[in-house]
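Fold and geometry: a report
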Amino acid sequence: MHQLFLEMAMTWLFILFILLLVVSPVMWLKPSPRQRRVSALRTAAIKTGLTVKLEKPPLHGIDTAMPVYRWGYPQSRLGPDFALVRDDHASAALKSFAYGWRWRWEPLRPLPNELESRLKALLERLPQDAIVVQSHRHALALWWWESQDFSRFSTYLADFEALRDGLAGRPDDTAVAVPFGQPKV
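Here the structure is a predicted model, which means the values were calculated and not measured.

Another point: the overall build of the protein chain. Broken down by element type, the protein chain carries five helices and seven strands. Moving toward the C terminus, one meets the helices and strands of the protein chain in the order α-α-β-β-β-β-β-α-β-β-α-α. In terms of its C-alpha atoms, the protein chain occupies a principal-axis envelope of roughly 100 × 40 × 30 Å. For the protein chain, the proportion of its 185 residues judged to be buried stands at 35%.

Here you go:
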């Protein structure tokens, strides 16, 4: 009788082990709470017209791709080139711009006071995992580690859109600002 009980127990343990082997890969496929939050954040951001990608940031020593959210400039109104880096990721040799932020490279033409104030106010509000705010001819970009959900992130959208609209049409190279076929004024 004791022998029969041991055999049944071993059989059930073997069946349980096989079930765990079958179920464990399925558990690995289930997204974590962070993955679900980030997926919802990216989907909602894309629906607002943003471009979201994983790319290498414009920083020295970081070869890992990180999320970048881009607000595109209109094709006929290109933007200036500049990059601001959070102090934690910047050299002390870089010129300070606003509390906690330094110029990685400045725009060739100074920003008007209104745009500079708007940019400083936005930088003060950004989460700590926002590392780079960059503008280039085609887009205004935020490089960050997506620490917030969309409801919190959406509080920055109007500020980024207003900043993008103010920067549009202020390219560093005015030769490229003239649309093809249009006379240079």
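The rest of the description comes next.
We now examine the packing of helix 3 (residues 113-125) against helix 5 (residues 157-167). The N-to-C vectors of helix 3 and helix 5 enclose an angle of 150°; their axes lie 10 Å apart at closest approach. Between helix 3 and helix 5, the angle falls in the class roughly antiparallel. Seen along the crossing, helix 3 lies across helix 5 with a hand that is left-handed. Contact with helix 3, carried on its side by L115, R118, L119, L122 and R125, involves D159, F160, A162, L163, G166 and L167 of helix 5 and no other residues of that element. Of the residues contributing to the contact of helix 3 with helix 5, the split by class is seven nonpolar, one polar and three charged.

Counted under the stated rule, the structure contains eight salt bridges. With its nearest N and O atoms 3.0 Å apart, the salt bridge here joins R102 to D87. Taken together, the residues span a long stretch of sequence, with R102 in strand 5 (residues 101-105) and D87 in the loop between strand 3 (82-86) and strand 4 (96-98) at a distance of 15 residues. The partner of D165 in a salt bridge is R164, and the shortest N-O contact between them spans 3.0 Å.

A few words now on the packing of aromatic side chains. In total, this model carries nine aromatic pairs according to the counting rule given. If you follow K120 out to its NZ or CZ, it ends over the ring of F97, 5.1 Å from the centre.

Time to look at the side chain of Q148. Topologically, Q148 is positioned in the loop between strand 7 (139-144) and helix 4 (150-153). On the accessibility criterion, Q148 (12% relative accessible area) is buried. Setting aside anything within four residues of it in sequence, one finds Q148 in contact with R37, L41, P127, F153 and Y156.

Moving on, we get to the side chain of D129. Relative to the helices and strands, D129 is located in the loop between helix 3 and strand 6 (130-136). Buried charge D129 goes without a salt bridge, the closest partner of opposite sign being R34 at 6.3 Å. Among the polar contacts made by the side chain of D129, one reaches the main-chain amide nitrogen of S147 at a distance of 2.9 Å. Non-local contacts of D129, meaning those with residues more than four positions away in its chain, are made with W143, W144, W145, E146 and S147.

Moving on, we get to helix 3. The first and last C-alpha atoms of helix 3 sit 19 Å apart over 13 residues, in line with the 18 Å expected at 1.5 Å per residue. Within the sequence span of helix 3, burial applies to L115, L119, L122 and L123. Along the long axis of helix 3, the arc covered by the buried residues comes to 100°, so they all point the same way. Those residues of helix 3 that are exposed and aimed more than 90 degrees away from the buried face are N113, E114 and E124. On the buried face of helix 3, the contacting elements are strand 3, strand 4, strand 5, strand 6 and helix 5.

Attention shifts here to the sheet that holds strand 6. Here seven strands make up an open sheet; going across it, the order is 1-2-7-6-3-5-4 and the pairing antiparallel. Every other strand in the sheet has two partners, leaving strand 1 (51-55) and strand 4 as the edge strands with one partner each. The mean angle between the axes of side-by-side strands here comes to 30°, regardless of whether they run parallel or antiparallel. Sheet topology places strand 3 next to strand 5; four bridges connect them, and they run antiparallel. Residue pairing across strands places A83 opposite W105, the latter belonging to strand 5.

About the thresholds
Residues numbered from 1 in each chain as written. Predicted model: local features only at pLDDT ≥ 70, side-chain atom pairs only at ≥ 80, totals over all residues. Heavy atoms only, no water. Helix = DSSP H or I, 4+ residues; strand = E, 2+ residues; numbered from the N terminus. Buried < 20%, exposed > 50% of the residue type's maximum accessible area, 1.4 Å probe, protein only. Axes fitted to C-alpha atoms, helices over the stretch in contact; angles between N-to-C directions. Parallel < 35°, antiparallel > 145°, perpendicular 65-115°, else oblique. Left-handed = near helix turned anticlockwise from the far one by under 90°. Contact = heavy atoms within 4.5 Å. Nonpolar A, V, L, I, M, F, W, Y, C, P; charged D, E, K, R; others polar. Salt bridge = Lys/Arg side-chain N within 4 Å of Asp/Glu carboxyl O. Phe/Tyr/Trp six-rings, centres within 6.5 Å; stacked < 30°, edge-to-face > 60°. Lys NZ or Arg CZ within 6 Å of the ring centre and 35° of its normal. Lys, Arg positive; Asp, Glu negative; His and termini not counted. Polar contact = N/O pair within 3.5 Å; in protein donor to acceptor, adjacent residues only side chain to side chain. Expected span 1.5 Å × (residues − 1). Arc of directions from axis to C-beta. Pairing = 2+ DSSP bridges.

In short, the description is geometric, and any link to function would need to be established separately.
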